[in-house]
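# Secondary and tertiary structure notes
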Amino acid sequence: MSFRLSPGTLDSLAGVFAPPRKRRSRGGGRGKGGARDDGAMLAFAAASLLRKTAPTSSSYRPSAQVKQAFGGGSHAAISARALRTMERTARRVPGVMVRVTGRQHGGGHVLANMSYISRLGHGEDKQIDLHTSEGEVLRDGRDMQELAQDWQEWETADEARRKGATSLSMILSMPAHTDPQGVKEAALAFAREEFANRSWVAALHVDRDHPHVHLTVARRDYDGRRFNPDSDDLLRYRQRFAQKLRDRGIEANATPVQARGVDAKHEPIAARKIREQGAVPQIDRNRADRARRLHENGRADPAVTALAKRQAVVRDTFQRSIDELLTSPSLVDQVKAQSLKTFVAAMPEPVPNSMRATQIDRGADAQSAAASAPEKGIAAADPVAAALARLEAATAEITARRAREAMAANPVTLALARMEAAKAEIEKRHQQEAGAADPLAATLARINEAAKVRTAPVQETGEVEMPGSDQSADRAAAKPGRDRPAERDADDQSQQMRPPLEPESRPMPTLSADQADAILRQTLERVRAQQQEREQMRQRDRSQDRGGPRR
């Protein structure tokens, strides 16, 4: 006889693995969401008058929530499926993801969605097969246009129908390193079973690190009924998609994050896109401000208490299952109990979204800035303040990078920067030309160079050659093959035969500050005069070109 969990434990597990929806209480009245109509009330009154048969002790009637979480059937079958679900959760089997991504209004919008998921127009090598509910594969844009037009005509065929979206798009995905072909086959099998009475198209994408299938479904089925999936429908979609994957040998699980002891992050897609671009979304700023206000007022975050209560319920439910498994004589059940006990012990502490927003990793730059920040001691004593400091540092870095990117992308700024660089280069060249043309400036340059050479190590000859002196000029002019005076040759020979002498300490000519300023002023005046003369010559050349014959 197979092991059976108690009905109370199954009900508790159903509340964890299939939490009920939060239904808002509606007021009285006869409007939308008001009191039930007279027919429904009469049916309830008649049912209450009938005698109910007492349930026998051997029969088990699962509740609707248990059926939603683990399916129907006998007590043993439901218990077996519940144990398998807990065992996959304890082993941290990858979970499937099914999410509604948008709605399309009109045939043109539907065609644009089909073109996007099939990569139509991106080249023959990048285009993706678009599978239809009829078993066809579309690769031609005209076929997609006809299908989108058919959906739109069926949506607006009856004038009495309420105008709304023509189609609804979803994503079915698995984590990285999952077989893409298996994900595609499982998604197509799921769509054929779940949307058997609707028209749909699907395409597999592997452009990211995780394989995923884009599924676009016509909002109105073949009988003219519309649908708007809610959280219960999405849970059923996940369960069926995970089952199709398991049928193909791919381990998959479909449980809410609360069942794994982790609180849902409630992250909008837009916030994730903004973070991928290196910016800080507004939702993170709001959560950080909320954490800052609570910290400044000395109040505890009420979300921490709510999350702790929710995790306590999950721990208690798993513990009840462990206690019942430990009473089983089967060794398999004993192993399952130990695995669940290890899983419960490793559950992380709940973290509210306000605290998580201040702990978001902003990349290597933010990590290095946080590691080198002087608030290391503060981080150990006050994690909230340290997290807020890291968030502000990351925001400042992002702002500075955006400013640099805007400066680099602005053509006016680039042109001004190039003009400044060119102006500096021209000024430098003019100074060099003025120094070469001005003997006084050249002499000053030679004096400065001589001062540098004077402080350099002495050569073996013990003599220091002054740049621009007669000795250096004569030696530079003396080359093999040229005639030189005999006296000069004799002097050179005698100099070579002499022993090295100590360098003669001669005082170097120095200039006062007033003399140096006067020399610089004269040099600048000459440079300006030369520039004016060149400009006048250019203007004369332009005037002559204008007055000359046209070619």
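This text follows the structure it describes.
Conventions adopted
Residues numbered from 1 in each chain as written. Predicted model: local features only at pLDDT ≥ 70, side-chain atom pairs only at ≥ 80, totals over all residues. Heavy atoms only, no water. Pairing = 2+ DSSP bridges. Helix = DSSP H or I, 4+ residues; strand = E, 2+ residues; numbered from the N terminus. Expected span 1.5 Å × (residues − 1). Buried < 20%, exposed > 50% of the residue type's maximum accessible area, 1.4 Å probe, protein only. Contact = heavy atoms within 4.5 Å. Core = buried A, V, L, I, M, F, W, Y, C linked by side-chain atoms within 4.5 Å. Arc of directions from axis to C-beta. Axes fitted to C-alpha atoms, helices over the stretch in contact; angles between N-to-C directions. Parallel < 35°, antiparallel > 145°, perpendicular 65-115°, else oblique. Left-handed = near helix turned anticlockwise from the far one by under 90°. Nonpolar A, V, L, I, M, F, W, Y, C, P; charged D, E, K, R; others polar.

## A word on the sheet that holds strand β5 (residues 200-205)
The strand order across the open sheet formed by six strands is β1-β4-β6-β5-β2-β3, and the pairing between neighbours is antiparallel. Edge positions in the sheet fall to β1 (97-104) and β3 (137-138), since each of these pairs with one other strand and no more.

## Structural notes on helix α5 (residues 107-118)
In this model, α5 (twelve residues) spans 16 Å end to end at C-alpha, consistent with the 16 Å of a helix rising 1.5 Å per residue. For α5, the complete set of buried residues consists of G107, V110, N113, M114, S115, I117 and S118. On its buried side, α5 packs onto β1, β2 (130-132), α6 (141-155), β4 (167-173), β5 and β6 (212-218). Of the residues flanking the end of α5, it is R119, one or two places downstream, whose phi is positive at about 60°.

## Here's the deal with unusual backbone geometry
Residue R92 is not a glycine yet carries a positive backbone phi of 55°. A positive phi angle, near 60°, is found at R119, a position not held by glycine. Turning to its location among the elements, R119 is positioned in the loop between α5 and β2. For R119, a relative accessible area of 15% puts it in the buried group.

## Section: the nonpolar core
Within the largest apolar cluster, 28 residues are counted, with the highest numbers of intra-cluster contacts made by L5, L13, F17, F70, M86, F318 and L340. For this core, the secondary-structure elements that each account for two or more residues are α1 (7-17), α3 (64-70), α4 (75-90), α11 (302-326) and α12 (331-345). Excluding residues within four positions of it along the chain, F70 makes contact with L10, L13, A14, F17, I78, R81, A82 and T85. M170, A191, V213 and V217 belong to the second-largest nonpolar core, a separate cluster that totals 27 residues.

## Some thoughts on helix α10 (residues 282-297)
Given a rise of 1.5 Å per residue, 16 residues ought to cover 22 Å, and the 23 Å separating the end C-alpha atoms of α10 matches this to within 8%. Listed as buried for α10 are D284, R287, A288, A291 and L294. Considered in projection along α10, the buried side chains sweep an arc of 125° and stay on one side of the axis. Exposed side chains of α10 directed beyond 90 degrees from the buried face belong to E296 and N297.

## Overview of the packing of α5 against α6
At a minimum axis distance of 8 Å, the contact between α5 and α6 shows a crossing angle of 140°. With respect to their mutual orientation, α5 and α6 come out oblique. Crossing angle aside, the handedness with which α5 passes α6 is right-handed. Taken together, the residues of α6 that come into contact with α5 (itself represented by G107, V110, L111, M114 and S118) are G141, M144, Q145, L147, A148, W151 and Q152. Looking at the contact of α5 with α6 residue by residue, the classes come out as seven nonpolar, five polar and no charged.

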